[in-house]
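# Results of the structural survey
Letter by letter, the chains look like this.
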Amino acid sequence: ALAAQCQGKVVTYGFSPAANWRAAEVSPNSRGGNDCLVRYNGRPWGRVSLQVPGRHNVSNALAAVAAAAEVGVPAPAIQAALSDFKGTGRRYERRGSYRGAELYDDYAHHPTEVRATLAAAREQHPGRLWAVFQPHTTHRLKSLFDGFVMAFGDADRVVVVDTYLPPGREREPGDLTSADLVRAMDHPNARHIGPLGEAADYLAGELQEGDVVLVMGAGDVTVVTEALLSKEAAREIDHGR
């Protein structure tokens, strides 16, 4: 619909055979990402190898390929840059571990982002997958509520903490809460634990070796990750490591 309104040149990308730039033969690699063959107008352009996981990052890489190629960047330079790209802060960022459970932070605060991040984690890790989610503002929770309800299907365990309210914004009486979100989920292992500290304490007692924890949100939910890392540091000191 946007392309139909554009007066200039339109270049498309994606997984559709109709796209100008298309990713084909997508397969996981040993670096935690995906390899794929990039086709331009049906013809092979070259192969791309990524370190960042998920099909959404394959799509992002195609966008970068298309933009760079349009301004004349040579293919080998594009391929090398994408191969070296390690991701950005708070985008599926590994922060450390707690008792053998891997801890990741992600800025996801929209249902589409949540689904994509969990799908990437499920693709990469066979272990039990935890989602720790902090809604960002009651307005966003309310307007995207149905999407959030359906966004956590790839997680084995879900913990939803209280909604982050930026300074200066007040919650109107009757607005939906994090507890309402959990009650609406059709998920057998979702629970509401409001305070961040209590959520960290709960995780500390439940996490097992091989688990993967995704702490997601645009507010101060990273407190949960920091608390678990502090507990792990203290545990290592106690064990004389």
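The coordinates are above.
Calculation criteria
Residues numbered from 1 in each chain as written. Predicted model: local features only at pLDDT ≥ 70, side-chain atom pairs only at ≥ 80, totals over all residues. Heavy atoms only, no water. Helix = DSSP H or I, 4+ residues; strand = E, 2+ residues; numbered from the N terminus. Contact = heavy atoms within 4.5 Å. Areas by Shrake-Rupley, 256 points an atom, 1.4 Å probe, with all protein chains shown as cover. Lys, Arg positive; Asp, Glu negative; His and termini not counted. Charge placed at Lys NZ, Arg CZ, Asp CG, Glu CD. Pairing = 2+ DSSP bridges. Axes fitted to C-alpha atoms, helices over the stretch in contact; angles between N-to-C directions. Phe/Tyr/Trp six-rings, centres within 6.5 Å; stacked < 30°, edge-to-face > 60°. Salt bridge = Lys/Arg side-chain N within 4 Å of Asp/Glu carboxyl O. Buried < 20%, exposed > 50% of the residue type's maximum accessible area, 1.4 Å probe, protein only. 1 Å grid on protein atoms, 1.4 Å probe; cavity = no way out; pocket = protein on both sides within 12 Å on 5 of 7 lines; lining within 4 Å. Points joined across faces, edges and corners; volume = space filled by probe spheres on them. Nonpolar A, V, L, I, M, F, W, Y, C, P; charged D, E, K, R; others polar. Core = buried A, V, L, I, M, F, W, Y, C linked by side-chain atoms within 4.5 Å.

### Some details on the overall build of the chain
Helices and strands together make up the secondary structure of the chain, namely 9 helices and 10 strands. Once the C-alpha set of the chain is aligned to its principal axes, its extents read approximately 55 × 50 × 35 Å. At a minimum sequence separation of 6, the contacts of the chain that also span at least 24 residues come to 65%. When the accessible surface of the chain is totalled, it reaches about 12,500 Å², and 50% of it is carbon and sulfur. On the chain, the mean spot of the 26 positive side-chain charges and the mean spot of the 29 negative ones are 6 Å from each other.

### Details of the sheet that holds strand β9 (residues 190-192)
An order of β5-β6-β10-β7-β8-β9 is seen for the 6 strands of this open sheet, with the pairing classed as mixed. At either end of the open sheet lies a strand with only one pairing partner, and these are β5 (93-98) and β9. Mean inter-strand twist for the sheet, computed between neighbouring axes without regard to direction, equals 20 degrees. As defined by bridge partners, strand β7 (residues 129-133) adjoins strand β10 (residues 212-216) across 5 bridges and the pair is classed as parallel. Residue A131 lies in a different strand from β10, and its bridge partner there is L214. The strands touched by helix α4 (residues 111-124) within the sheet are β6 (101-106), β7 and β10, with β10 carrying the most contacts at an inclination of about 165 degrees. Strands β5, β7, β8 (157-160) and β9 of the sheet are contacted by helix α8 (residues 196-206), whose axis makes an angle of about 175 degrees with β7.

### As for the packing of aromatic side chains
Tallied over the full model, the rule gives 6 aromatic pairs. Relative to F148, the ring of F133 lies with its centre 5.2 Å away and its plane at 40 degrees, an arrangement referred to as tilted. With F133 in strand β7 and F148 in helix α6 (residues 145-149), the pair connects residues that are 15 residues apart, well separated along the chain. Ring pairing ties together the aromatic residues W21, Y40 and W45, which thus form one cluster.

### Points about the pattern of salt bridges
One pass over the full model with this rule turns up 11 salt bridges. Linking D156 and R122 is a salt bridge whose minimum nitrogen-to-oxygen distance equals 2.8 Å. With a gap of 34 residues between them, D156 in the loop between α6 and β8 and R122 in helix α4 connect regions that are remote in the sequence. In this structure, R183 and D180 form a salt bridge, with 2.5 Å as the shortest nitrogen-oxygen distance.

### Topic: the pairing of β6
Burial analysis of β6 places 5 of its 6 residues in the buried class, which makes it a mostly covered element. With 5 bridges connecting them, β5 and β6 associate as antiparallel partners. Opposite G96, over in β6, you have L103 as the bridge partner. A loop of 2 residues connects β5 with β6, the two strands running antiparallel in sequence, and R99 in this loop sits at a positive phi of about 50 degrees. Relative to β10, β6 runs parallel, the two sharing 5 bridges.

### Observations regarding the layout of surface pockets
Of the pockets and cavities examined, the largest pocket occupies roughly 530 Å³. For the largest pocket, the lining is made up of 27 residues, of which V52, N57, G87, R91 and Y92 are closest to its centre. Put simply, the parts of the chain that give the lining of the largest pocket at least two residues each are α2 (55-70), β5, β6 and α4. Looking at the lining of the largest pocket, its residues break down into 11 nonpolar, 9 polar and 7 charged.

### Side note on the nonpolar core
Counting residues in each nonpolar core, the largest one holds 25 residues, and the members touching the most others are V114, L118, F152, L181, L214 and M216. Elements with a minimum of two residues in this core: α4, β7, α6, β8, α7 (178-184) and β10. Excluding its chain neighbours within four sequence positions, the residues that come into contact with L181 are F133, L141, F145, F148, V149 and V160. In this structure, A101, V161, L196 and A204 belong to the second largest nonpolar core, which totals 20 residues.

### Considering unusual backbone geometry
A positive phi angle is found at R99, which is not glycine, with a value near 50 degrees. Checked against the element boundaries, R99 lands in the loop between β5 and β6. On the basis of relative accessibility, which here comes to 42%, the residue R99 falls in the partly exposed class. Of note, T137 is a non-glycine position whose phi angle comes to about 75 degrees, a positive value. Its location among the elements puts T137 in the loop between β7 and α5 (138-143). Take T137: its relative accessible area is 5%, and that puts it in the buried class.

In short, geometric facts, not functional conclusions.
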